[in-house]
Amino acid sequence: MNTEVVAVKQPFDFQLFYAIRERSLGRVMSKLKRFLGRHAEQRLSELGFTNFKASYIAFLGNLEEHGTTNNELAKRAGVTKQAMSKVVKLLEDDGYIYTVKNERDSRSSQIFINERGKQLLVAVHTCMEELRAKFHAIAGYEQVEQMIDTMVLLVREIEKDTGPLSGSPCIP
């Protein structure tokens, strides 16, 4: 006598899938990142920073006042040296940065932000504050600030195990 239990296949529940998908962490964060980038690029263009890509913001945010090498920037941004060299060339051509041969190692250069680059960073900050205000209007000040506090906490704890994910660590 065969006593095997036969599993009855249930049809795929699309309603459950849609409910899960709506709250998928990866999906929500991806959409917010795309929204932030699109908003920043549009506003920066309106402010005269044309041909600037939101992905370059992480690069500029990793520059140091006394110069930074391409290798260090690549490491901080979590990209290859070749990719960073390409971004450096684009930003130098667009007038946001300048390079100077490294006095200690003539094979490399120190990368500096110039006045136009500094103006860009101020404009980026303004764009992000506009978005923050928009988020406050949608969800309320307390909820948005709590969300940011939670994300900072998560990044800090993750970076304790992994080291900085890119750029400087999230320091309290």
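Refer to the structure printed above.
Let me sum up the structure you'll find in this document. Model, not experiment: these values are computed from the prediction.

### What about a nonpolar patch on the surface?
Together, F12, F14, F17 and Y18 make up a nonpolar patch on the protein surface, roughly 420 Å² of accessible area in all. Within the secondary structure, F17 sits in helix 1 (residues 14-22). Residue F17 is classed as partly exposed on the basis of its relative accessible area, which comes to 35%.

### Quick look at unusual backbone geometry
Although it is not a glycine, N51 sits at a positive phi angle of roughly 60°. Owing to a relative accessible area of 60%, N51 belongs among the exposed residues under this scheme.

### Focus on the layout of surface pockets
Taken as a whole, the second largest pocket encloses approximately 150 Å³ of empty space. Taken together, T69, N70, N71, S85, V88, T99, R107, S108, S109 and I111 form the lining of the second largest pocket. When contributions to the lining of the second largest pocket are tallied by element, the ones reaching two or more residues are helix 4 (70-77), helix 5 (81-93) and strand 3 (109-113). By residue class, the composition of the lining of the second largest pocket is 2 nonpolar, 7 polar and 1 charged.

### Re the packing of helix 2 (residues 25-46) against helix 6 (residues 115-139)
Close contact between helix 2 and helix 6 brings their axes to 10 Å; oriented N to C, the two are set at 125°. Between helix 2 and helix 6, the angle is such that the two are oblique. With respect to the hand of their crossing, helix 2 and helix 6 are arranged in right-handed fashion. Counting all contacts with helix 2, which are made through L32, F35, L36, H39, A40, R43 and L44, the residues of helix 6 involved are L120, A123, V124, C127, M128, E130, L131, K134 and F135.

### A look at a positive patch on the surface
A cluster of like positive charges, contributed by R21, R27, K31, R34 and R38, occupies part of the molecular surface. Position of R38 relative to the elements: it lies in helix 2. The class for R38 is exposed, based on a relative accessible area of 55%.

### Focus: the sheet that holds strand 3
Taking strand neighbours across the sheet as the criterion, the 3 strands line up as 1-3-2 in an open arrangement whose pairing is antiparallel. Single-partner strands in this sheet number two, and they are strand 1 (68-69) and strand 2 (97-101). The sheet contact formed by strand 2 and strand 3 spans 5 bridges and is antiparallel. Note on strand 3: the bridge partner recorded for Y98 is F112.

### Here's the deal with the packing of aromatic side chains
Overall, the coordinates contain 9 aromatic pairs when judged by the stated rule. With a centroid separation of 6.2 Å and an interplanar angle of 35°, the aromatic rings of F49 and Y96 are classed as tilted. In this pair, F49 is assigned in the loop between helix 2 and helix 3 (56-61) and Y96 in the loop between helix 5 and strand 2, connecting sequence segments 47 residues apart. With a relative accessible area of 1%, Y96 lands in the buried category. Centroid distance F52 to Y96: 5.6 Å. Interplanar angle 70°. Geometry classified as edge-to-face. One end of the pair, F52, is in the loop between helix 2 and helix 3; the other, Y96, is in the loop between helix 5 and strand 2, with 44 residues separating them in the sequence. The structure contains a cluster of three or more aromatic residues connected by ring pairs, namely F12, F14, F17 and Y18.

Cut-off values and rules
- Residues numbered from 1 in each chain as written.
- Predicted model: local features only at pLDDT ≥ 70, side-chain atom pairs only at ≥ 80, totals over all residues.
- Heavy atoms only, no water.
- Patch = residues over 30% accessible without salt bridge, like charges linked within 9 Å, V, L, I, M, F, W, Y side chains within 5 Å.
- Areas by Shrake-Rupley, 256 points an atom, 1.4 Å probe, with all protein chains shown as cover.
- Salt bridge = Lys/Arg side-chain N within 4 Å of Asp/Glu carboxyl O.
- Helix = DSSP H or I, 4+ residues; strand = E, 2+ residues; numbered from the N terminus.
- Buried < 20%, exposed > 50% of the residue type's maximum accessible area, 1.4 Å probe, protein only.
- 1 Å grid on protein atoms, 1.4 Å probe; cavity = no way out; pocket = protein on both sides within 12 Å on 5 of 7 lines; lining within 4 Å.
- Points joined across faces, edges and corners; volume = space filled by probe spheres on them.
- Nonpolar A, V, L, I, M, F, W, Y, C, P; charged D, E, K, R; others polar.
- Axes fitted to C-alpha atoms, helices over the stretch in contact; angles between N-to-C directions.
- Parallel < 35°, antiparallel > 145°, perpendicular 65-115°, else oblique.
- Left-handed = near helix turned anticlockwise from the far one by under 90°.
- Contact = heavy atoms within 4.5 Å.
- Lys, Arg positive; Asp, Glu negative; His and termini not counted.
- Charge placed at Lys NZ, Arg CZ, Asp CG, Glu CD.
- Pairing = 2+ DSSP bridges.
- Phe/Tyr/Trp six-rings, centres within 6.5 Å; stacked < 30°, edge-to-face > 60°.

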